[in-house]
Amino acid sequence: MNTVITTENLTKRFGDFTAVDRISFEVLKGEIFGFLGANGAGKTTAMRMLCGLLSPTSGKGLVAGFDIYKQSDDIKRNIGYMSQKFSLYEDLSVAENMRLFGGIYGMSPKNIISKTGEVLKELELNNERNTLVKSLPLGIKQKVSFAVSIFHTPKIVFLDEPTGGVDPVARRKFWEMIYQAAEKGITIFVTTHYMDEAEYCNRVSIMVDGRIEALDSPDKLKKTFHAGNMDDVFQSLARKAKNS
Amino acid sequence: MKQFGSFIKKEFLHIFRDIRTMMMLLAMPVIQLIIFGFAIRTEITNTPFAVFDESKSTSSRLITERMNGSRYFDLKENLNSFVKIEEYFRKGKIKLALVIPQNFSDDLYRTGTGNLQLLADASDPNEASTITSYAQQILMQHQQSLMKTNKIPYVIRTEIKMLYNPQLQSAYNFVPGIMGLILMLICAMVTSISIVREKEQGTMEILLVSPVKPVFIVLSKAVPYLLIAFLDVILILLISNNILHVPIAGNIFLILFLSTLFILSALSLGMLISSVTKTQQAAMMMSGAGLMLPTMLLSGLIFPVENMPILLQIISNLIPAKWFIIAIKDVMIKGLEFTAIWRELSILLGMTVFLLTVSIKQFKNRL
């Protein structure tokens, strides 16, 4: 089985408002899948349904082989999640955050200790092991936050606008981490506002008013829309939106 | 279980790294207890009193002199009728009246038992009970001095009449009351803030995406505060017994059990508040204005519930602290047994189960 996420006509309505309108797509194993869309296009809602935080109004969905209606507990065990806010505990140290999340995902204490050492070495943060998260610079916080979200080696990691507010150099470094994770076989599902980041993805989908208007590799999308870069692709699609 | 363990550890770390929370949890109970304790139990001296002496005997004079000689009382007037006494009370000239019946002296020396009457202005119940207990102590001293010289067991019986407030409510009220207040404050306010803080900081989202069951998220919040509040109970008991000299008459285990039950009810209230609020300020407001004020005003801590309008009396039944204070007073001050407080215990238990169920349900709905 090569697909890790499959949706079919997945829909979420809040009263009269249709936030996500019959979206169907597949995400392949080990892929970096960019999930683009303007604010209010329905990205976060779609992502929450896939994570088992929201139950869909209709349609089908499988994440890591589990049904999003009935098996949200199994899904949760197999995914990682990083939100726009850093979602680390600021009053805990780097190592303590890792220990906590390792514990939450049921890793053994021995496993947690060796993994913590490994990750800190990879991030070159051995000196910051016992530093409280609140005293780390923003770019480092994000790196740690990402490391924590894949600490339990999930099948898929959902990144909700992970690079908001950091400088281009830090963003570049962050994407290097994403590539490393993808090489290890972790599927990356990422939302972003930065179109240069969209170029880094294997495939991108662009949501407008709750529907997926385009889905392909960045190169093919540029060809289809006769655009020089992803920004132009995005602009020509997003202009049609009514919700934003 | 392993998950639960790492969660509880995390909660403790949150508490230990936040000085403000630590102060609130450990220093505040001590400070409050001591401030309230000394504020309420300040000594009352030079209370004006009157004597209605129908006995006109040596012993009645001795008693009057002993009263007047103490620093607690000042003799204002020798009165000759109950009508006069009432007049003096109404005008506020005296706070206490000592009535010595005609046959007091004869009775005392013939039968060994003399009867006295103390009348007190109980419009301020705290004061009234303090001054009557002073008066009783003085009479007791007199009785002892009689026994020393005569080697016969003389007994002076005093009948106390609280004027204007016969069901005297108060005195020793404050330790049970403060216990109720402090535990409510710590458990409800601090727990609700700590849960809402996670919502504000966005960490709650991460917890909800994780495989941890919502019940565990809620319960792991409760465990550290339960332990710390329990520590507070012991601290309060030690201070009130050793510094404020409030007796602990009842079974200590029953007191601890009762306190634990009350802590649980307050914790569940805190969780309920956190599930309906979104910001720390809102949680603070809600537990402050919505819990502390009613607890202070309606639990009987400051104002006796019996004197309230009927509507407020009904509302006061909804306040867990009221039942806790009643029960803890019965056990701690009066030394009553389990059988005397089973009604309060079962009400508290019912409230706790109800609140806990509702808050866990509420929490789930937010997923």
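Structure's up top.
These notes cover the structure that comes with them. In this text, all values refer to a predicted model and were calculated from it rather than measured experimentally. (Residues numbered from 1 in each chain as written. Chains lettered and ligands numbered in written order. Predicted model: local features only at pLDDT ≥ 70, side-chain atom pairs only at ≥ 80, totals over all residues.)

Another point: the sheet that holds strand E5 (residues 66-67) of chain A. The strands making up a sheet associate through hydrogen bonds between their backbones, and the pairing can be parallel or antiparallel. Residue and element names in this part refer to chain A. If you walk across this open sheet you meet the four strands as E2-E1-E4-E5, and the pairing is antiparallel. The two strands at the open ends of the sheet, each matched to only one other strand, are strand E2 (17-28) and E5. As paired strands, strand E1 (residues 3-14) and E2 are joined by eight bridges and run antiparallel to one another. Its bridge partner lying in E2, Thr7 is registered against Phe25. (Pairing = 2+ DSSP bridges. Helix = DSSP H or I, 4+ residues; strand = E, 2+ residues; numbered from the N terminus.)

Before going further, it helps to spend a moment on the packing of helix H9 (residues 214-242) of chain B against helix H10 (residues 252-276) of chain B. Residue and element names in this part refer to chain B. It is the contact of H9 with H10, at a shortest axis distance of 10 Å, that shows an interaxial angle of 140°. In this view, H9 runs oblique relative to H10, as classed from their interaxial angle. The two elements H9 and H10 cross, and the hand of that crossing is right-handed. On H10, the residues that touch Val218, Ala222, Tyr225, Leu226, Ala229, Phe230 and Val233 of H9 are Leu256, Ser259, Thr260, Ile263, Leu267 and Met271. For the contact of H9 with H10, the per-class residue count stands at eleven nonpolar, two polar and no charged. (Axes fitted to C-alpha atoms, helices over the stretch in contact; angles between N-to-C directions. Parallel < 35°, antiparallel > 145°, perpendicular 65-115°, else oblique. Left-handed = near helix turned anticlockwise from the far one by under 90°. Contact = placed C-beta atoms within 7 Å. Nonpolar A, V, L, I, M, F, W, Y, C, P; charged D, E, K, R; others polar.)

This part is about the sheet that holds strand E6 (residues 79-82) of chain A. All names here are of chain A. Strand order across the open sheet formed by six strands is E6-E7-E8-E3-E9-E10, with mixed pairing between neighbours. Each edge of the sheet is formed by a strand with only one pairing partner; in this case those strands are E6 and strand E10 (211-216). Across the sheet, the mean angle from the axis of one strand to that of its neighbour is 15°, orientation sign disregarded. Examined bridge by bridge, strand E9 (residues 203-208) and E10 share five bridges and lie antiparallel to one another. Paired with Ser205 across the two strands is Leu215, which belongs to E10. This element, helix H6 (residues 168-183), spans strand E3 (32-37), strand E7 (156-160) and strand E8 (187-191) of the sheet and lies at about 145° to E8. Against the sheet, helix H9 (residues 230-238) makes contact with E3, E9 and E10, and its axis sits at roughly 25° relative to E9, the strand it touches most.

Looking now at the pairing of E7 of chain A. All names here are of chain A. The buried count for E7 comes to five of five residues, which makes it a mostly enclosed element. Of the two faces of E7, both are covered, the one formed by Ile156, Phe158 and Asp160 as well as the one formed by Val157 and Leu159. Where E6 lies against E7, four bridges are found, and the strand directions are parallel. Counterpart to Ile79 in the pairing with E7 is Ile156. The pairing of E7 with E8 spans five bridges and is parallel. Each bridged residue has a counterpart across the sheet, and for Leu159 the counterpart in E8 is Val190. With H6 bridging E7 and its parallel neighbour E8, the resulting β-α-β unit is right-handed. (Buried ≥ 20, exposed ≤ 12 C-beta atoms within 10 Å, placed from the backbone. Right-handed = clockwise from strand over helix to strand, strands pointing away.)

Another aspect to go through is the pairing of strand E3 (residues 96-100) of chain B. Residues and elements named next belong to chain B. Taking burial as the measure, the five residues of E3 include five buried ones, the bulk of the element. Side-chain alternation along E3 places Leu96, Leu98 and Ile100 on one buried face and Ala97 and Val99 on a second face that is also buried. Across five bridges, strand E1 (residues 47-53) lies against E3 in parallel orientation. The residue of E3 that forms the bridge with Val51 is Leu98. Inspection of the sheet shows E3 paired to strand E4 (residues 113-121) by four bridges, in the antiparallel sense. Considered in E4, the bridge of Leu96 is made with Ala120.

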